[in-house]
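An overview of the molecular structure
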Amino acid sequence: TIFNEEVPPRYAVMSEVGAGVTDLVLGTVLVGSAVRLRWTPGVHRYWALIWWSAGAAAFAGAAHHLVFSHSPRAADLSWVVVGVLVAVALSYLLAATATATLDERWARLVIRVRIGGLLAYAAWMGIVGIGRTAPLVLCESVTMATIVGLWCYGRYVGHPEAGRMLVAIAVLAV
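Below is a short write-up of the structure. None of the values given here were measured: they were computed from a predicted structure.

**Overview of the overall build of the protein**
Counting its regular elements, the protein contains six helices and zero strands. When the helices and strands of the protein are read in sequence order from the N terminus, they spell out α-α-α-α-α-α. Here the protein holds 174 residues, and 29% of them are scored as buried.

**Thoughts on the nonpolar core**
Nonpolar side chains tend toward joint burial in soluble globular proteins. Counting residues in each nonpolar core, the largest one holds 15 residues, and the members touching the most others are Leu93, Leu94, Ala98, Ile147 and Trp151. Contributing elements (two or more residues each) for this core: α2 (45-68), α3 (72-101), α4 (104-128), α5 (134-157) and α6 (162-173). Sort the elements by how many residues they give to this core and α3 lands first, with six residues. Once residues lying within four places of it in the same chain are set aside, the contact partners of leucine 93 are Trp47, Ile50, Met144 and Ile147.

**Examining the packing of aromatic side chains**
Inspection of every chain in the model, using the stated rule, returns two aromatic pairs. With centroids separated by 6.5 Å and ring planes inclined at 40°, the aromatic side chains of tryptophan 47 and tryptophan 151 adopt a geometry described as tilted. Of this pair, tryptophan 47 sits in helix α2 while tryptophan 151 is found in helix α5, placing the two residues 104 residues apart along the sequence. You can call tryptophan 151 buried: its relative accessible area is 1%.

**Observations regarding the packing of α4 against α5**
Where α4 contacts α5, the two axes come as close as 10 Å, and the packing angle between them is 170°. As far as their axial angle goes, α5 and α4 are roughly antiparallel. Mapping the contact onto sequence places Arg114, Tyr121 and Trp124 in α4 and Pro135, Leu136, Cys139, Glu140 and Thr143 in α5. In the contact of α4 with α5, the residues fall into five nonpolar, one polar and two charged.

**Examining a nonpolar patch on the surface**
A contiguous nonpolar patch, built from Val17, Val21, Leu24, Val25, Val29, Phe59, Leu66, Val67 and Phe68 and spanning about 710 Å² of accessible area, is present on the exposed surface. Listed by contribution, the elements that provide at least two residues to the nonpolar patch are α1 (9-38) and α2. In terms of residues, the nonpolar patch owes the most to one element, α1, which gives five residues.

**A few points about the side chain of serine 91**
In this structure, serine 91 sits in helix α3. Within the structure, serine 91 has its side chain in polar contact with the side chain of arginine 114 (distance 2.7 Å). Beyond its immediate stretch of four places on either side in the chain, serine 91 contacts Arg114 and Leu118.

Rules of the game
Residues numbered from 1 in each chain as written. Predicted model: local features only at pLDDT ≥ 70, side-chain atom pairs only at ≥ 80, totals over all residues. Heavy atoms only, no water. Helix = DSSP H or I, 4+ residues; strand = E, 2+ residues; numbered from the N terminus. Buried < 20%, exposed > 50% of the residue type's maximum accessible area, 1.4 Å probe, protein only. Core = buried A, V, L, I, M, F, W, Y, C linked by side-chain atoms within 4.5 Å. Contact = heavy atoms within 4.5 Å. Phe/Tyr/Trp six-rings, centres within 6.5 Å; stacked < 30°, edge-to-face > 60°. Axes fitted to C-alpha atoms, helices over the stretch in contact; angles between N-to-C directions. Parallel < 35°, antiparallel > 145°, perpendicular 65-115°, else oblique. Nonpolar A, V, L, I, M, F, W, Y, C, P; charged D, E, K, R; others polar. Patch = residues over 30% accessible without salt bridge, like charges linked within 9 Å, V, L, I, M, F, W, Y side chains within 5 Å. Areas by Shrake-Rupley, 256 points an atom, 1.4 Å probe, with all protein chains shown as cover. Salt bridge = Lys/Arg side-chain N within 4 Å of Asp/Glu carboxyl O. Polar contact = N/O pair within 3.5 Å; in protein donor to acceptor, adjacent residues only side chain to side chain.

Note that every value here comes from positions in space, so none of it alone points to a role or purpose.
Here it is as C-alpha coordinates:
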(Lines give C-alpha, C1' and ligand atoms only; values in the text may rest on other atoms or scores of the structure.)
Protein backbone atom coordinates (compact mmCIF):
# COMPACT_ATOMS: atom_id res chain seq x y z
CA THR A 1 0.00 0.00 0.00
CA ILE A 2 0.99 3.60 -0.58
CA PHE A 3 -0.43 6.19 1.82
CA ASN A 4 -2.89 3.57 3.11
CA GLU A 5 -4.31 3.02 -0.37
CA GLU A 6 -4.13 -0.30 -2.14
CA VAL A 7 -1.69 -0.30 -5.08
CA PRO A 8 -3.29 -1.65 -8.26
CA PRO A 9 -1.59 -4.94 -9.21
CA ARG A 10 -0.44 -3.65 -12.62
CA TYR A 11 1.56 -0.86 -10.94
CA ALA A 12 3.20 -3.33 -8.55
CA VAL A 13 4.21 -5.53 -11.52
CA MET A 14 5.53 -2.52 -13.45
CA SER A 15 7.52 -1.47 -10.40
CA GLU A 16 9.09 -4.94 -10.08
CA VAL A 17 9.91 -5.05 -13.80
CA GLY A 18 11.45 -1.57 -13.68
CA ALA A 19 13.57 -2.46 -10.67
CA GLY A 20 14.60 -5.76 -12.27
CA VAL A 21 15.67 -4.11 -15.54
CA THR A 22 17.58 -1.43 -13.62
CA ASP A 23 19.39 -4.15 -11.67
CA LEU A 24 20.27 -5.98 -14.91
CA VAL A 25 21.80 -2.82 -16.37
CA LEU A 26 23.66 -2.08 -13.14
CA GLY A 27 24.98 -5.65 -12.94
CA THR A 28 26.23 -5.47 -16.53
CA VAL A 29 28.08 -2.21 -15.86
CA LEU A 30 29.61 -3.53 -12.64
CA VAL A 31 30.81 -6.79 -14.17
CA GLY A 32 32.16 -4.86 -17.16
CA SER A 33 34.13 -2.68 -14.74
CA ALA A 34 35.48 -5.78 -12.98
CA VAL A 35 36.65 -7.22 -16.30
CA ARG A 36 38.43 -3.96 -17.18
CA LEU A 37 40.19 -3.92 -13.80
CA ARG A 38 41.75 -7.32 -14.54
CA TRP A 39 43.92 -5.61 -17.16
CA THR A 40 44.92 -2.66 -14.99
CA PRO A 41 48.40 -3.11 -13.52
CA GLY A 42 49.01 -2.43 -9.84
CA VAL A 43 45.39 -2.70 -8.70
CA HIS A 44 44.84 -4.67 -5.50
CA ARG A 45 42.54 -7.67 -5.94
CA TYR A 46 40.04 -6.25 -3.44
CA TRP A 47 39.07 -3.50 -5.90
CA ALA A 48 38.09 -6.01 -8.58
CA LEU A 49 36.29 -8.16 -6.02
CA ILE A 50 34.11 -5.16 -5.10
CA TRP A 51 32.86 -4.94 -8.68
CA TRP A 52 32.39 -8.70 -9.09
CA SER A 53 30.41 -9.06 -5.84
CA ALA A 54 28.38 -5.87 -6.43
CA GLY A 55 27.58 -7.15 -9.93
CA ALA A 56 26.46 -10.46 -8.45
CA ALA A 57 24.27 -8.53 -5.98
CA ALA A 58 22.71 -6.56 -8.83
CA PHE A 59 21.98 -9.73 -10.83
CA ALA A 60 20.54 -11.35 -7.70
CA GLY A 61 18.42 -8.22 -7.25
CA ALA A 62 17.16 -8.59 -10.82
CA ALA A 63 16.20 -12.20 -10.11
CA HIS A 64 14.51 -11.09 -6.88
CA HIS A 65 12.38 -8.52 -8.73
CA LEU A 66 11.72 -10.43 -11.95
CA VAL A 67 11.44 -14.04 -10.77
CA PHE A 68 10.94 -14.39 -7.02
CA SER A 69 8.86 -11.35 -6.00
CA HIS A 70 5.54 -13.11 -6.59
CA SER A 71 6.07 -15.66 -3.81
CA PRO A 72 6.52 -14.29 -0.28
CA ARG A 73 8.81 -17.14 0.81
CA ALA A 74 10.93 -17.02 -2.35
CA ALA A 75 11.09 -13.22 -2.10
CA ASP A 76 12.32 -13.46 1.50
CA LEU A 77 15.02 -15.96 0.58
CA SER A 78 16.13 -14.08 -2.53
CA TRP A 79 16.29 -10.85 -0.52
CA VAL A 80 18.64 -12.55 1.94
CA VAL A 81 20.91 -13.51 -0.98
CA VAL A 82 20.88 -9.90 -2.23
CA GLY A 83 21.64 -8.61 1.27
CA VAL A 84 24.52 -11.01 1.79
CA LEU A 85 26.04 -10.09 -1.59
CA VAL A 86 25.72 -6.36 -0.78
CA ALA A 87 27.44 -7.01 2.57
CA VAL A 88 30.21 -8.92 0.78
CA ALA A 89 30.69 -6.09 -1.74
CA LEU A 90 30.92 -3.51 1.02
CA SER A 91 33.31 -5.79 2.90
CA TYR A 92 35.62 -5.76 -0.12
CA LEU A 93 35.26 -1.97 -0.33
CA LEU A 94 36.26 -1.70 3.32
CA ALA A 95 39.19 -4.10 2.79
CA ALA A 96 40.36 -2.20 -0.30
CA THR A 97 40.06 1.11 1.54
CA ALA A 98 41.94 -0.22 4.58
CA THR A 99 44.78 -1.61 2.45
CA ALA A 100 44.99 1.67 0.54
CA THR A 101 44.99 4.00 3.56
CA LEU A 102 46.55 2.04 6.43
CA ASP A 103 49.69 0.04 6.97
CA GLU A 104 49.42 -3.73 6.61
CA ARG A 105 48.98 -4.47 10.32
CA TRP A 106 46.11 -2.01 10.79
CA ALA A 107 44.48 -3.06 7.52
CA ARG A 108 44.43 -6.68 8.68
CA LEU A 109 42.87 -5.61 11.97
CA VAL A 110 40.11 -3.70 10.15
CA ILE A 111 39.44 -6.74 7.94
CA ARG A 112 39.26 -9.05 10.97
CA VAL A 113 36.85 -6.72 12.75
CA ARG A 114 34.70 -6.67 9.61
CA ILE A 115 34.62 -10.47 9.53
CA GLY A 116 33.44 -10.38 13.14
CA GLY A 117 30.77 -7.88 12.15
CA LEU A 118 29.59 -10.12 9.32
CA LEU A 119 29.31 -13.03 11.73
CA ALA A 120 27.29 -10.86 14.12
CA TYR A 121 25.05 -9.81 11.21
CA ALA A 122 24.52 -13.47 10.27
CA ALA A 123 23.65 -14.32 13.88
CA TRP A 124 21.25 -11.37 14.02
CA MET A 125 19.53 -12.55 10.83
CA GLY A 126 19.16 -15.99 12.37
CA ILE A 127 17.59 -14.55 15.51
CA VAL A 128 15.32 -11.92 13.93
CA GLY A 129 14.44 -13.86 10.81
CA ILE A 130 15.22 -13.69 7.15
CA GLY A 131 14.21 -10.98 4.74
CA ARG A 132 14.70 -8.05 7.12
CA THR A 133 16.18 -4.84 5.72
CA ALA A 134 16.80 -2.92 8.97
CA PRO A 135 19.78 -5.02 10.22
CA LEU A 136 21.41 -4.81 6.78
CA VAL A 137 20.98 -1.04 6.63
CA LEU A 138 22.34 -0.61 10.17
CA CYS A 139 25.38 -2.83 9.57
CA GLU A 140 26.24 -1.36 6.21
CA SER A 141 25.74 2.22 7.39
CA VAL A 142 28.44 1.63 9.99
CA THR A 143 30.63 0.08 7.30
CA MET A 144 30.19 3.06 4.97
CA ALA A 145 30.89 5.49 7.82
CA THR A 146 34.11 3.58 8.49
CA ILE A 147 35.05 3.71 4.80
CA VAL A 148 34.45 7.47 4.68
CA GLY A 149 36.44 7.87 7.89
CA LEU A 150 39.36 5.91 6.46
CA TRP A 151 39.38 8.02 3.28
CA CYS A 152 39.26 11.19 5.43
CA TYR A 153 42.28 9.84 7.27
CA GLY A 154 43.88 9.08 3.90
CA ARG A 155 43.31 12.68 2.84
CA TYR A 156 44.82 13.88 6.12
CA VAL A 157 48.00 11.84 5.57
CA GLY A 158 48.23 12.81 1.90
CA HIS A 159 46.96 9.74 0.04
CA PRO A 160 46.81 10.81 -3.64
CA GLU A 161 43.41 9.18 -4.33
CA ALA A 162 41.63 10.20 -1.12
CA GLY A 163 40.06 13.39 -2.44
CA ARG A 164 38.66 11.67 -5.52
CA MET A 165 37.30 8.78 -3.46
CA LEU A 166 35.53 11.15 -1.06
CA VAL A 167 34.00 13.06 -3.97
CA ALA A 168 32.87 9.78 -5.58
CA ILE A 169 31.29 8.59 -2.33
CA ALA A 170 29.56 11.97 -1.88
CA VAL A 171 28.20 11.88 -5.43
CA LEU A 172 26.86 8.35 -4.90
CA ALA A 173 25.24 9.40 -1.64
CA VAL A 174 23.24 12.08 -3.44
